Amino acid sequence: KRAPGFNWRAGMTKASYAKRLDFFETPEWPVLAMADIIEKLNPRTICDVGCGTGAIMRALMHMNLPRLQDVWGIECDPRRAEIARDHGFRVIQANALKVPWGKADLNIMTPPFTFSEEFFRKSILEGREQKATSVVLGRLGFLETQERIPFHEEHQFDMRVLSHRISFCVVVACLSDACDFRETYSPKEDRPSACPWCEGKVKLTTTDNSAYGWFVHGPGFGGRFDIFKGGPEIMSKYYKEGDVNAK
């Protein structure tokens, strides 16, 4: 049997798609938590590095950026790149760690934790070459380990810690030993209250519910720390009432 969940591309459910690619969209509200800093920068050009399906770029479009002329993404997976293009964004299909990012005033990203240091180092290099600001959403766990002490001593970031933890996805799993239903949904998505296969009870688990913060590197940044005290309610400031994304 097959769950009646989110049907993504080429017959794939959202769960199988995400599981295969180890990918989930960045929610809009953490991006909007940086709106005051990004609006102050008022960039003309923005590159969304590892843009996925374009979630960060969509959130950026709700900020007050009067000088903005061009926004593009870099994405290695053709399916995700196609979806971002469907939203109207220009996307370069490539491994972002192996290609130049282009002349952007602002590079923004949520890198996979496994490759966090590689993306941080690349963002610093690209930023120096282009005199750009890099804004990286990462787990606070990136600050840990003895091996990274030299990196943190060499590279000073501003930090904005998110006091509200991010839920990238919700896993719904059947509690019955006789049923192996397990499906993944975005936090905004409707999800079943009972198992769609056997109608039994289900367990909801919020995954990757880790502590996150924004690391900011570039001209005029470095060594400062603050805490964003809000959470998803910031959406109401930037999205019109009735907008599907404002839920």
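Everything in this summary refers to the structure shown in the same document. (Residues numbered from 1 in each chain as written. Predicted model: local features only at pLDDT ≥ 70, side-chain atom pairs only at ≥ 80, totals over all residues. Heavy atoms only, no water.)

### Considerations on the overall build of the protein
Here comes step 1: From N to C terminus, the protein includes 8 helices and 11 strands.
Here comes step 2: Sorting the 247 residues of the protein into buried and exposed places 48% on the buried side.
Here comes step 3: Looking at the protein alone, contacts between residues at least 24 apart form 73% of all its contacts between residues at least 6 apart.
Here comes step 4: Of the accessible surface of the protein, which amounts to about 13000 Å², a share of 50% is contributed by carbon and sulfur atoms. (Helix = DSSP H or I, 4+ residues; strand = E, 2+ residues; numbered from the N terminus. Buried < 20%, exposed > 50% of the residue type's maximum accessible area, 1.4 Å probe, protein only. Contact = heavy atoms within 4.5 Å. Areas by Shrake-Rupley, 256 points an atom, 1.4 Å probe, with all protein chains shown as cover.)

### Focus: the packing of aromatic side chains
Both the distance between ring centres and the angle between the ring planes are used here to describe each pair of aromatic rings.
Here comes step 1: Considering all chains together, one arrives at 9 aromatic pairs under this definition.
Here comes step 2: Here Phe 151 and Phe 157 contribute two aromatic rings whose centre-to-centre distance is 6.3 Å and whose plane-to-plane angle is 35 degrees, an arrangement assigned as tilted.
Here comes step 3: Note on Phe 157 and Phe 215: the rings are 6.0 Å apart at their centroids and 90 degrees apart in plane angle, and the pair reads as edge-to-face. Linking Phe 157 in the loop between helix 7 (149-154) and strand 6 (158-162) with Phe 215 in strand 10 (residues 212-217), this pair joins segments that are 58 residues apart in sequence. (Phe/Tyr/Trp six-rings, centres within 6.5 Å; stacked < 30°, edge-to-face > 60°.)

### Quick notes on helix 5 (residues 78-86)
Here comes step 1: When we look at burial in helix 5, the residues that qualify are Arg 80, Ala 81, Ile 83 and Ala 84. Buried positions in helix 5, seen along its axis, are confined to an arc of 160 degrees and lie on one side of it.
Here comes step 2: Residue Gly 88 follows helix 5 closely and has a positive phi angle near 95 degrees. (Arc of directions from axis to C-beta.)

### What to know about the side chain of Asp 158
Here comes step 1: Mapped onto the fold, Asp 158 is located in strand 6.
Here comes step 2: A residue is classified by how much of its surface remains accessible, and Asp 158, at 8% relative accessible area, is buried.
Here comes step 3: Engagement of the side chain of Asp 158 in a polar contact is seen with the backbone nitrogen of Gly 222, the distance being 2.7 Å.
Here comes step 4: Of the polar contacts made by the side chain of Asp 158, one reaches the side chain of Arg 224; its length is 2.9 Å. (Polar contact = N/O pair within 3.5 Å; in protein donor to acceptor, adjacent residues only side chain to side chain.)

### Structural notes on the state of the cysteines
Here comes step 1: A complete count under the given rule lists 0 disulfides for this structure.
Here comes step 2: Of the cysteine sulfurs around Cys 47, a residue in no disulfide, the closest is that of Cys 51, at 8.2 Å.
Here comes step 3: Its relative accessible area of 6% is what places Cys 51 among the buried residues. (Disulfide = S-S within 2.5 Å.)

### Focus: the nonpolar core
Here comes step 1: Membership of the largest hydrophobic core comes to 36 residues, with the highest contact counts inside it found for Ile 38, Leu 60, Met 63, Ile 108, Leu 162 and Trp 214.
Here comes step 2: Going through the elements one at a time, helix 2 (28-32), helix 3 (35-41), helix 4 (55-60), helix 5, strand 4 (106-109), strand 5 (133-139), strand 10 and helix 8 (235-238) are the ones with two or more residues in this core.
Here comes step 3: Considering every element that reaches this core, the biggest residue donor is helix 4, with 4 residues.
Here comes step 4: Apart from the residues within four sequence positions on either side, Ile 38 is in contact with Pro 43, Leu 60, Met 63, Leu 65, Leu 106 and Ile 108.
Here comes step 5: Residues Ala 94, Trp 101, Val 136 and Met 159 belong to the second largest nonpolar core, which totals 19 residues. (Core = buried A, V, L, I, M, F, W, Y, C linked by side-chain atoms within 4.5 Å.)

### Regarding the side chain of Asn 42
Here comes step 1: Its place among the elements puts Asn 42 in the loop between helix 3 and strand 1 (45-49).
Here comes step 2: The class for Asn 42 is buried, based on a relative accessible area of 15%.
Here comes step 3: Residues in contact with Asn 42, not counting those within four places in the same chain, are Leu 65, Pro 66 and Arg 67.

### Re the environment of Leu 106
Here comes step 1: Tracing the sequence through the fold places Leu 106 in strand 4.
Here comes step 2: With relative accessibility at 0%, the residue Leu 106 sits in the buried group.
Here comes step 3: Put simply, Leu 106 and Pro 43 are 63 residues apart on the chain and 6.4 Å apart in space, counted from C-alpha to C-alpha.
Here comes step 4: Once residues within four sequence positions are removed from consideration, Leu 106 is found in contact with Ile 38, Leu 41, Pro 43, Thr 45, Ile 46, Cys 47, Thr 133 and Val 135.

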